[in-house]
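Survey of secondary and tertiary structure
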Amino acid sequence: MRLNELDENIWVTILGFSGGEKMHERMTQHGIYPGDKTRIIRTAPLKGPFLVEVSGRELIIGRSLAKNILVELSV
Amino acid sequence: MKFVLVGRPNCGKSTLFNQVAGYKAETGNFHGTTVTYTESKVRVVGEVIDVVDLPGTYILDGSNPAEKVTHDYLLNNSVDVIINVIDATFLTQSLELTLELLKLNKPMLIAMNMMDEVQRTGLKVDGPGLQELLGVRVLPLVASKGRGVKSLFLQAKAIVAEGQAISERYQDYEDTPISRHKKAIELAEQFVKQGERNLTFRDRLDDVLLHPVYGYIGLALILLLFFQGVYGVGQLIEPPLLTFFEGIIKNINSHISSQNLIGVLINGVLQGVMAGFAIVLPYLFPFLVGLGFLEDVGYLPRIAFMMDSLMHRIGLHGKAIVPFILGYGCNVPAIMSTRTLEDSRERFIAATLSTLVPCAARLVVVFGLVAFYLGPLWALGLYMLNLFVIALTGRILTMLLPDTSPGMILEMPPYRIPTLKAVLNKAWFRIREFLVEAWPTLIFGSAALAILVFYDLAKYFNYLVKPITWLLDLPEAVGVPLIFGILRKELSLIMLGQALGSVNYSNVLTNAQLFTFTVFVVFFIPCAATLIMLKKELGTKKMLWVTVITILIALTAGGVSRLLGWLI
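Values in this document were obtained by computation on a predicted structure and should not be read as measured data. (Residues numbered from 1 in each chain as written. Chains lettered and ligands numbered in written order. Predicted model: local features only at pLDDT ≥ 70, side-chain atom pairs only at ≥ 80, totals over all residues. Heavy atoms only, no water.)

This brings us to the interface of chain A and chain B. At the interface, 32 residues of chain A touch 37 residues of chain B. The junction of chain A with chain B conceals about 3,000 Å² of combined surface from both sides, 57% of it contributed by carbon and sulfur atoms. Of all residues in chain A, A:Gln29, A:Arg42 and A:Ile60 bury the most surface against chain B, accounting for 23% of the area lost on that side. With a shortest N-O distance of 3.1 Å, A:Arg42 and B:Asp207 are connected by a salt bridge. Summed over the shared surface of chain A and chain B, the number is nine residue pairs in polar contact (both at pLDDT 80 or more). At the level of secondary structure, the elements contributing two or more residues to the side of chain A that touches chain B comprise helix H1 (20–29), strand S2 (37–43), strand S3 (50–54), strand S4 (57–61) and helix H2 (63–66) of chain A. (Contact = heavy atoms within 4.5 Å. Buried area = accessible area lost by both parts, 1.4 Å probe. Salt bridge = Lys/Arg side-chain N within 4 Å of Asp/Glu carboxyl O. Polar contact = N/O pair within 3.5 Å; in protein donor to acceptor, adjacent residues only side chain to side chain. Helix = DSSP H or I, 4+ residues; strand = E, 2+ residues; numbered from the N terminus.)

As structure tokens, then:
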């Protein structure tokens, strides 16, 4: 499952990233790693980006990036 | 002795720096506010110390400009103590960088900032425990209120005196980003106890300000309030100041002859001084205070969130809204802030478009001409036209340079109550740039123009721009103010009086001409300082492109407004 397919307020665990080395690096730069728990807090209007919670802080993540974040439902 | 401040973006490094250094660094509740380092000498109990504020970064071995600057600085300079500023409310991410810094084997201490925020949100952070485990000193800090600053620097001095504080305890783990991340989570879990997380003020405010309908209404209202406020304050201050200065100039003129060169020169200088004081500052000051307030409250990333989808239509991401908003203050920092964009195509588009944003100098022209003579609604109309032109230009550039860049990622900071001191300091910091760099140019330009007029040389400039003035149905004499406008945009307004022989512009220009002139000034060639910055950031070729593009746009927009004036 990909982050952009997710509904709001559902907790998931990040499995990894697709989209190559560059994508990996960008996520790392912003302190996002596989294994982190995350949820979508809200979605911007007009098919805009997501506001995402990762380890207690909030990040704006664009749709094209969210598409490359692989997640699974947390138990 | 040299101390360097290192930390993740938005952790309060620059705030701390400003507490000790007077006001030298710009801060903002925003990722990537600082992209170069700032250095200052600070006196701590009788000793002068170099303090360096490095750009905020999440990791050291990264590829973006801020990370590179920080990394290179730490490797290539002799540093006595690294002061690692960490945000106690986001301990996990902060500690990742801390772990990376520990590997450098340099004397280090940790300043745990935002301790007031910690108390407010009910977190319990065990500083002494962390200190025990990491083997480096951990000191509490509330940089925004200056609490803990002195003891921090005294401690740093003590570290140098004792010649220790290199941690040897915390080295036995694999040095990769992912293992640091895991370690940091472990540490944070160990030393932070989450109190009850209740639905905060932030969540409730975001429910409104990020709402699909109310959010945009809120955005429109906030911007409207902002510009009305700027206009209101400017209106209050400008007329009495103008009267005051005109009185003085008249007084002086009655003592000197305007027939000789000296008299003309004095007059030109006085006009320049007056222009800066009575026309520019009344609008610049409230604008910068307002902008600083929006920045520190944390509203700018929220605008980015709301505007991302729309920005996509002009080929940019929501993050690129930053250069635009900064651009309303001054295009120079706007161009600088495009450094936070990763993609070179996006940088070019963002830089081009942000030179079209009417900066405070052009705001002065707009308010001084259009708002003053035609009313504030016309000024608002011009701003709308400007937005439309920017969007259209973005569309066209996107068609020519298709989008291949990755999406946006940006930290959403909590709301913070700005301190009056920080906001005023920031406004002063930016105004000082005007006073030191722009005002002298302005006075010089005004004097130079007076001489040109005295020797009757100005007409040659006017011939040069004749095709433009003819095309836009403007008096030939506005050629000189237009040319000097490249030096500083305010000059276009200020020199207009000189050139046309009256400061009551409605006597010498029709309403349509006033509007067309302003439209042209708003769009055509960015000012000299912006051009220099463009060259530095993007290279000569791209700078020339921007110049050509803006002239074309200015001619088109000016032509359209001439036609409109002709129809109405």
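Relative to the helices and strands, B:Glu39 resides in strand S2 (residues 38–44). The class for B:Glu39 is partly exposed, based on a relative accessible area of 38%. (Buried < 20%, exposed > 50% of the residue type's maximum accessible area, 1.4 Å probe, protein only.)

Residue and element names in this part refer to chain A. Here S2 lies mainly inside the structure; five of its seven residues are buried. Pairing between S2 and S3: five bridges, direction antiparallel. Bridge pairing links isoleucine 40 to valine 52 in S3. In sequence, S2 turns back onto S3 through a hairpin of six residues, with leucine 46 there showing a positive phi of about 60°. (Pairing = 2+ DSSP bridges.)

The next thing to look at is helix H12 (residues 321–329) of chain B. Summarising burial for H12(B): nine of the nine residues are buried, a large majority. Among the residues making up H12(B), those that are buried are B:Ile321, B:Val322, B:Pro323, B:Phe324, B:Ile325, B:Leu326, B:Gly327, B:Tyr328 and B:Gly329.

Turning next to the sheet that holds S2(A). If you walk across this open sheet you meet the six strands as S5(A)-S1(A)-S2(A)-S3(A)-S4(A)-S9(B), and the pairing is antiparallel. With partners counted over all chains shown, the strands left at the sheet margins are strand S5 (69–73) of chain A together with strand S9 (409–412) of chain B, one partner each. The sheet shows a mean angle of 40° between the axes of neighbouring strands, direction not considered. Strand contacts of H1(A): strand S1 (12–17) and S5 of chain A together with S9 of chain B, with the helix running at about 135° to S1(A), the strand carrying the most contacts. (Axes fitted to C-alpha atoms, helices over the stretch in contact; angles between N-to-C directions.)

Residues and elements named next belong to chain B. In space, the six strands of this open sheet follow the order S2-S3-S1-S4-S5-S7, with mixed pairing throughout. The sheet terminates laterally at S2 and strand S7 (138–140), the two strands that pair on one side only. When strand polarity is set aside, the average angle formed by the axes of neighbouring strands in this sheet is 25°. Summarising the sheet, strand S4 (residues 81–87) and strand S5 (residues 108–113) pair through six bridges and their orientation is parallel. Of the residues in S5, the one forming a bridge with asparagine 84 is isoleucine 110. Each of strand S1 (2–7), S2, strand S3 (47–53) and S4 is contacted by helix H1 (residues 13–21), which is oriented at about 50° to S2, the strand it contacts most. Sheet contacts for helix H3 (residues 91–102): S1, S4 and S5; angle to S4, the most-contacted strand, approximately 165°.

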